[in-house]
Amino acid sequence: MPLVLDGIEEYLGKVRAGEVAPELPPCPLIADTFDRDRDSLIGVTHLLLKPRFVLGDITGFGKTPQTLVAFGYLRWREPTARLFVLTRLSALPQWRANGHKFLHGMRIELLGYTARNAELDKAARMDQIARWTAGEIDILISTYHTPALDWSEPRLLPAQPGKRPKKVRDFIFPPLPPFLVVAFDESQSFRGRGTTLYPCVTGLVDRSRYAWGLTATQLMTKIDDLYHLYNALRPGMLGKKEHFDERYKTRILLKRRGSNQRFWKVTGTRNLWDLKERIAPYYLRREKVNRPGIRYKVLMPAMGTEQRKFYQAVLKQYLQGAQDTGYLTAGKLAVQTGTQPDLPKSTILTFAQFAVDAPVVLGFPQIPSAKLDELVEYLIGDAEGQKVIIYSRYEQVVTAIHERLTDAGLRPVRITGVESLKQRDAAQQAFQTDPAVTCMVLNSAGGEAVELPAAEIVVFYDLPWSVGEFQQVLGRARRRGSAHSTVLIVLLGTQHTIDERSLTLLQAREKLFNDLFTVDLTDPTLSSVSYTAPNDAPTDPAG
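Chemist: Go over the sheet that holds strand β6 (residues 210-214), please, and point to the residues and values.
Modeler: Across the sheet, seven strands lie side by side as β3-β4-β2-β5-β6-β1-β9; this open sheet has parallel pairing. Of all the strands in the sheet, the pair left with one neighbour each is β3 (108-110) and β9 (283-284). Here five bridges tie strand β5 (residues 179-185) to β6, and the two strands are oriented parallel to one another. Bridging from a neighbouring strand, Phe184 pairs with Gly213 of β6.

Chemist: An account of the packing of helix α3 (residues 63-77) against helix α4 (residues 92-102) is requested, with residue identities and associated values reported.
Modeler: The contact between α3 and α4 brings their axes to 10 Å, and the two run at 50°. Between α3 and α4, the crossing angle belongs to the class labelled oblique. The handedness of the crossing between α3 and α4 comes out as right-handed. Contacts between α3 and α4 involve Thr64, Pro65, Thr67, Leu68 and Val69 from the former and Gln94, Trp95, Asn98, Gly99 and Phe102 from the latter. Considered class by class, the residues forming the contact of α3 with α4 number five nonpolar, five polar and no charged.

Chemist: I'd love a proper account of the sheet that holds strand β13 (residues 439-442), names of residues and values included.
Modeler: One open sheet accounts for six strands, arranged β10-β15-β14-β11-β13-β12; its pairing is parallel. A strand with exactly one partner marks an edge of an open sheet, and here the two such strands are β10 (293-299) and β12 (413-415). Across the sheet, the mean angle separating the axes of adjacent strands is 20° when strand polarity is ignored. Bridging between strand β14 (residues 457-460) and strand β15 (residues 486-492) involves four bridges; their strand directions are parallel. In the sheet register, Phe460 faces β15, and the bridge partner there is Leu491.

Chemist: Tell me about the pairing of strand β8 (residues 262-269), and please be specific about residues and values.
Modeler: Bridge analysis of strand β7 (residues 249-255) against β8 gives seven bridges, and the strand direction is antiparallel. By the bridge assignment for β8, Leu254 is matched with Phe263. Here β7 folds back onto β8 in antiparallel fashion, the turn holding six residues, of which Gly258 has a positive phi close to 80°.

Chemist: Any chance you could break down the environment of Tyr391 for me, citing the residues and the numbers?
Modeler: Among the structural elements, Tyr391 can be located in strand β11 (residues 388-391). In sequence terms Tyr391 and Arg414 are 23 residues apart; their C-alpha atoms lie 9.9 Å from each other. For Tyr391, the contacting residues outside a window of four places in its chain are Leu442, Asn443, Ser444, Val459, Phe460, Tyr461, Asp462, Leu463, Pro464, Glu469 and Val473. One polar contact links Tyr391 to Glu469, side chain to side chain, over a distance of 2.6 Å.

Chemist: I'd like a description of the side chain of Lys241, backed by residues and values.
Modeler: The topology assignment puts Lys241 in helix α9 (residues 241-248). For Lys241, a relative accessible area of 11% corresponds to the buried category. Among the polar contacts listed, one links the side chain of Lys241 to the side chain of Asp224, at a separation of 3.3 Å.

Chemist: Account for the packing of α9 against helix α10 (residues 272-279), naming residues and giving values.
Modeler: Packing of α9 against α10 brings their axes to within 9 Å, and their N-to-C directions diverge by 130°. In terms of orientation, α9 lies oblique with respect to α10. Taken together, the residues of α10 that come into contact with α9 (itself represented by Phe244, Arg247 and Tyr248) are Asp274, Leu275 and Arg278. Class assignment of the residues belonging to the contact of α9 with α10 gives a composition of three nonpolar, no polar and three charged.

Chemist: Kindly report on the confidence of the model for the protein, identifying the contributing residues and their values.
Modeler: In the predicted model, the protein carries a mean pLDDT of 81, and 80% of its residues have values of at least 70. Across residues 1-5 the pLDDT falls below 50, and counting only partners more than four positions away or on other chains, this stretch makes 13 contacts in the model. Confidence drops under a pLDDT of 50 for residues 321-341, and excluding neighbours within four residues, the segment shows 48 contacts in the predicted structure.

Chemist: Tell me about α4, and name the residues and values.
Modeler: Turning to α4, its buried residues number three or more, namely Leu92, Trp95, Arg96, Asn98, Gly99 and Phe102. In an axial view of α4, the angular spread of the buried residues amounts to 165°, which keeps them on one side of the axis. Residues of α4 that are buried make contact with α3, β2 (81-87), β3, β4 (139-143), β5 and β6.

Chemist: Break down unusual backbone geometry for me, citing the residues and quoting the values.
Modeler: One non-glycine residue, Asn271, adopts positive backbone phi at about 55°. Within the secondary structure, Asn271 sits in the loop between β8 and α10. Of note in this structure, His496 is not a glycine but carries a positive phi near 60°. Looking at the element boundaries, His496 is found in the loop between β15 and α18 (498-516). Accessibility expressed as a relative area gives 13% for His496, which makes it buried.

Analysis parameters
Residues numbered from 1 in each chain as written. Predicted model: local features only at pLDDT ≥ 70, side-chain atom pairs only at ≥ 80, totals over all residues. Heavy atoms only, no water. Pairing = 2+ DSSP bridges. Helix = DSSP H or I, 4+ residues; strand = E, 2+ residues; numbered from the N terminus. Axes fitted to C-alpha atoms, helices over the stretch in contact; angles between N-to-C directions. Parallel < 35°, antiparallel > 145°, perpendicular 65-115°, else oblique. Left-handed = near helix turned anticlockwise from the far one by under 90°. Contact = heavy atoms within 4.5 Å. Nonpolar A, V, L, I, M, F, W, Y, C, P; charged D, E, K, R; others polar. Polar contact = N/O pair within 3.5 Å; in protein donor to acceptor, adjacent residues only side chain to side chain. Buried < 20%, exposed > 50% of the residue type's maximum accessible area, 1.4 Å probe, protein only. pLDDT = per-residue confidence, 0-100. Arc of directions from axis to C-beta.

Have a look at this one:
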């Protein structure tokens, strides 16, 4: 049973009904730095009300402070309460910093690190767990993979092929605090029952008094993401997986070629109104207040003759299984894959995107990139002097963009998954405060735990596969307290290529997202963006 503060249950019912504004009594553990306005308190009150809850609040205040403050109230009334935070490596310092900023007297440590961020071995990590359980540490912050590896049975360690943990019983959980509160930051990280993280997460949920999922991107690409998230936090809430598929997916039964085996092919979704009603009581997603508006701009240059031939050669060789076309006898692409046509579709799409974004990534620096040329022209022209975030899915493309902008005389900084925490913080600080640093180039790792409210423009050099990731990147600039009234979203692509298809796909996924969640439709949506390519270039051979 959840801990209920004095008289709060009836009060929170009125808050959810909109009858009263959220208000919580003063707590000596909460610092004055916590902004006790309606939008920050409503997330805290929901976390206190529901012992199993998903906070997708995007008010611009942040899920991290609201989670820490909610724990502060629990810790105030229940001294044995202890918080275990699972997050991404890049977010560890932010959680620790916010813990000290918003809470008084809390002993906070990063699992596996000393106070000076030196890494610890497994024995030292297990000692930290023991001290935390004994009450010497109040808040322990960890990456997802640390407990998943440390607590796996020795015979099932991932280092042994074919012995990956698949069930909760494959983990040896150490003694944990009796009043355990677990926060799963960016909880889409463990979606999918086939992952090593999933049984570790469900085991922690079973042993906790409160378990909170923190994500504004719970729907990444398909509704299966929702099922796995809620099945971990509230087992059985959405029924068995086969019943879920039958109720919420449109499917056709097909026969595999050359065999009698049959399989279901998903063609769409249905009954989304019912799914929306079932998850609504356990999920809070409110639109940001006091945030900049958005507007769109589309830049779609045409490829030059040489790049167009190269792009078509990549597609012909790897999509259509053609023999060597003359372009691919050298360079990284040939070295990596030879001339094998039977490659995964995702790999083929990645090669196609590299050919469009920056042929230099594939080992062909002599082939120009229309997108890179357009980006440089835009930054030194229309966007001169403005702070610009530039996003790409790929770390290799981020590197190519960073080098090209540096050669053009700009001073870009970058955040991907390869920089140290110190380098990451330095890049963020430079972008925010140095007038000469006007460009931040980042990938998906840079879309997490980074606040860049100085940005006036967000350029999507290529598009993410999910609406959630799109919003997460955009959210780096659309922060509470931003000095700008509007953020310009620039969709940069190349005519008659994979970029056009990526936009169409993301627009379709946005519709699914909007059908499931309450969204602020006062802002223009991706679906409102249209682009008709001229007929002066050949069609994309990807077909």
